[in-house]
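# Examining the three-dimensional arrangement
Below, each chain spelled out in residue letters.
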Amino acid sequence: MHIYFTILILLTVWVRMAQLQQGGPDEKEKTTALKDLLSRIDLDELMKKDEPPLEFPDTLEGFEYIFNEKGQLRHAKTGEPFVFNYREDLHRWNQKRYEALGEIITKYVYGLLEKECHLKKVTLPVDATESEPKSFIFMSEDALTNPDKLLVLIHGSGVVRAGQWARRLIINEDLDSGTQIPYIKRAVEEGYGVIVLNPNENYIEVEKTKAQVQLSSDSSDEPAEKRERKDKIQKETKKRRDFYEKYRNPQKEKETMQIYIRMIQREAEVKNKVTAVALTDSVHNVWHQEAGKTIREWMRENCCNWVSSSEPLDMAVESMLPDCPRVSAGTERHELTSWKSFPSIFRFFSEALEAKNSSVKPTPTRRSNRIKYEEL
């Protein structure tokens, strides 16, 4: 309660200052005195008493959690599920603790991809120099040599990395629903080569030096008088922002910059080689992404999006955009769509492969009730 009491006092002071600023000279003198009082408050020390250090274990064992035989995350001593609100009234600290656990789980899943799924880690770009930023993906031994079929798994945006569908499901449900491992095992059983991509790992973060921080705020090509006015405004703005930032984020993290990893686009090769694409509650937009007519036509013919819906699994779902067919994933929870549509997606792939091999269009079984987009 100490933290709320402190904020209440300071907010009261700010309100009083605002009232005084509307008055005459006497009130302005009082405002100056109040500002001087606030400047003497050591907010760093004040807030550190309320928020523990942002220091967390770097192993599951350190957190005292394990994955049981069902792939569920449980406390090693009590057997209880993960508890987010470990410390009452410290949401930010609890969130940072959750994120730290999430980073450990990312590495844990990487390990499962190699040990349990027998995939190998491959560095990208393949021709990267020693000093160049790099990423990595996972591949089965036959990924580049399988003569029949290849499954490429791509997770969604956000904090997830290779092998994951949803961190929230891994932590609160189990590994089967939250990772791509069931897809990988099923694919291997059915004779697919497998590639697990890692698109959220497409840049590295490095700490900014003082020179880089200064450079990012400089505008040396502006007239001196204009730059001085601008600098004065920026300093006042920064001072106010820093004042509030000490409440929101008393343990300020380091300022970083992103260095992107080289990427290559090969539209023609993709369209020629890819037989079918299954999307799960995808939020893509062919208009915002400026997809050309050939891409839109290719998507209508080769893609299907299993979306969150109250409708039964595989039931057609109406869409305002004619990008690709949409069917129900059999769940209204976004993070569960990949898991719930799992068997339907493999049927979709099998049908597409059979149609390709027989040079016949796939029979629209589970999509027989879908909208005919060309009629929109």
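Residues numbered from 1 in each chain as written. Predicted model: local features only at pLDDT ≥ 70, side-chain atom pairs only at ≥ 80, totals over all residues. Heavy atoms only, no water.

The chain carries the name Family with sequence similarity 172 member A in an unreviewed UniProt entry, which gives Cairina moschata as its organism.

### Re the overall build of the chain
When you go through the chain residue by residue, the secondary structure sums to 14 helices and eleven strands. In the chain, buried positions account for 37% of the 376 residues. A separation threshold of at least 6 residues defines the contact pool for the chain, and within that pool the share at least 24 residues apart is 64%. Total accessible area computed for the chain in this model is approximately 24,000 Å², and 52% of it derives from carbon and sulfur atoms. (Helix = DSSP H or I, 4+ residues; strand = E, 2+ residues; numbered from the N terminus. Buried < 20%, exposed > 50% of the residue type's maximum accessible area, 1.4 Å probe, protein only. Contact = heavy atoms within 4.5 Å. Areas by Shrake-Rupley, 256 points an atom, 1.4 Å probe, with all protein chains shown as cover.)

### Focus on the pairing of strand 4 (residues 135–139)
One face of the sheet, then the other: side chains in a regular strand alternate in exactly this way. For strand 4, a buried count of five out of five residues is recorded, marking the element as mostly surrounded by other parts of the structure. The two faces of strand 4 match: Ser-135, Ile-137 and Met-139 on one face and Phe-136 and Phe-138 on the other face are all buried. Direction of pairing for strand 3 (residues 120–124) relative to strand 4: antiparallel, over a ladder of five bridges. Of the residues in strand 4, the one forming a bridge with Leu-124 is Ser-135. (Pairing = 2+ DSSP bridges.)

### Digging into the sheet that holds strand 9 (residues 277–280)
Two pairing modes exist for strands in a sheet, parallel and antiparallel, and in both the strands are linked by backbone hydrogen bonds. On the basis of which strands lie adjacent, the open sheet formed by three strands has the order 9-10-11 and parallel pairing. Edge positions in the sheet fall to strand 9 and strand 11 (326–328), since each has one partner strand and no second. When the angles between neighbouring strand axes are averaged without regard to direction, this sheet yields 30°. Where strand 10 (residues 303–307) and strand 11 come together, three bridges link them in parallel fashion. Pairing of Trp-306 across the sheet is with Val-327, part of strand 11. Across the sheet, helix 12 (residues 293–302) is in contact with strand 9 and strand 10; its angle to strand 10 comes to roughly 65°. (Axes fitted to C-alpha atoms, helices over the stretch in contact; angles between N-to-C directions.)

### Focus: the sheet that holds strand 3
Spatially, four strands are ordered 3-4-6-5 in an open sheet, and the strand pairing comes out mixed. Whereas interior strands pair on both sides, the edge strands pair on one side only; in this sheet they are strand 3 and strand 5 (150–153). Here the average twist between neighbouring strands, direction ignored, is 25°.

### A few points about the packing of helix 8 (residues 181–189) against helix 14 (residues 342–358)
Helix 14 packs onto helix 8 with a crossing angle of 35° between their chain directions and a minimal axis gap of 11 Å. For the crossing formed where helix 8 meets helix 14, the hand is right-handed. Of the residues in helix 14, those touching helix 8 at Pro-182, Tyr-183, Arg-186 and Ala-187 are Phe-342, Pro-343, Ile-345 and Phe-346. (Left-handed = near helix turned anticlockwise from the far one by under 90°.)

### With respect to the side chain of Gln-180
By secondary structure assignment, the location of Gln-180 is in the loop between helix 7 (175–178) and helix 8. Among residues more than four places away in sequence, those in contact with Gln-180 are Leu-153, Ile-154, His-155, Gly-163, Gln-164, Trp-165 and Val-196.

### Some points on the state of the cysteines
If you walk through the whole model with that rule in mind, you get zero disulfides. Unpaired in this structure, Cys-324 has its nearest cysteine sulfur neighbour in Cys-303, at a distance of 5.4 Å. (Disulfide = S-S within 2.5 Å.)

### Here we look at the packing of aromatic side chains
What the rule picks out here adds up to 19 aromatic pairs. Seen in terms of ring centroids, Tyr-110 and Phe-136 are 5.1 Å apart; in terms of plane orientation they differ by 80°. Their pairing is edge-to-face. Separated by 26 residues along the polypeptide, Tyr-110 in helix 5 (residues 91–115) and Phe-136 in strand 4 bring together distant segments of the chain. Through a chain of ring-to-ring contacts, the aromatic side chains of Trp-165, Tyr-183, Tyr-192, Trp-306, Trp-339, Phe-342, Phe-346, Phe-348 and Phe-349 assemble into a single cluster. Taking the ring centre of Phe-136 as reference, the NZ or CZ of Lys-121 above it sits at 4.1 Å. The ring of Phe-342 carries Arg-186 above its face, with NZ or CZ at 5.7 Å from the centroid. (Phe/Tyr/Trp six-rings, centres within 6.5 Å; stacked < 30°, edge-to-face > 60°. Lys NZ or Arg CZ within 6 Å of the ring centre and 35° of its normal.)

### Some points on the pattern of salt bridges
In the structure shown here, the tally under the stated rule is 15 salt bridges. Ionic pairing is found between Glu-190 and Arg-186, a salt bridge with its closest N-O pair at 2.5 Å. Ionic pairing is found between Arg-266 and Glu-269, a salt bridge with its closest N-O pair at 3.9 Å. Overall, Glu-269 belongs to the partly exposed group, its relative accessible area being 38%. The structure contains a network of salt bridges with shared partners spanning Arg-168, Glu-173, Arg-333 and Glu-335. (Salt bridge = Lys/Arg side-chain N within 4 Å of Asp/Glu carboxyl O.)

### As for unusual backbone geometry
The residue after Leu-124, namely Pro-125, is reached through a cis peptide bond having omega -10°. When you line up the elements, Pro-125 lands in the loop between strand 3 and strand 4. Although it is not a glycine, Asp-89 sits at a positive phi angle of roughly 65°. With respect to the helices and strands, Asp-89 occurs in the loop between strand 2 (73–75) and helix 5. On the basis of relative accessible area, Asp-89 is assigned to the partly exposed category, the value being 49%.

### Observations concerning the nonpolar core
Ranked by internal contacts, the top residues of the largest apolar core, which has 45 residues, are Leu-73, Leu-101, Ile-105, Leu-113, Phe-138, Ile-184 and Val-196. In terms of residues, this core owes the most to one element, helix 5, which gives nine residues. Listed in part, the seven residues of the second largest apolar core include Leu-279, Trp-298, Cys-303 and Cys-324. (Core = buried A, V, L, I, M, F, W, Y, C linked by side-chain atoms within 4.5 Å.)

### Quick notes on the environment of Cys-303
With respect to the secondary-structure elements, Cys-303 resides in strand 10. Overall, Cys-303 belongs to the buried group, its relative accessible area being 3%. Between the C-alpha atom of Cys-303 and that of Cys-324, which follows or precedes it by 21 residues, the distance is 5.8 Å.

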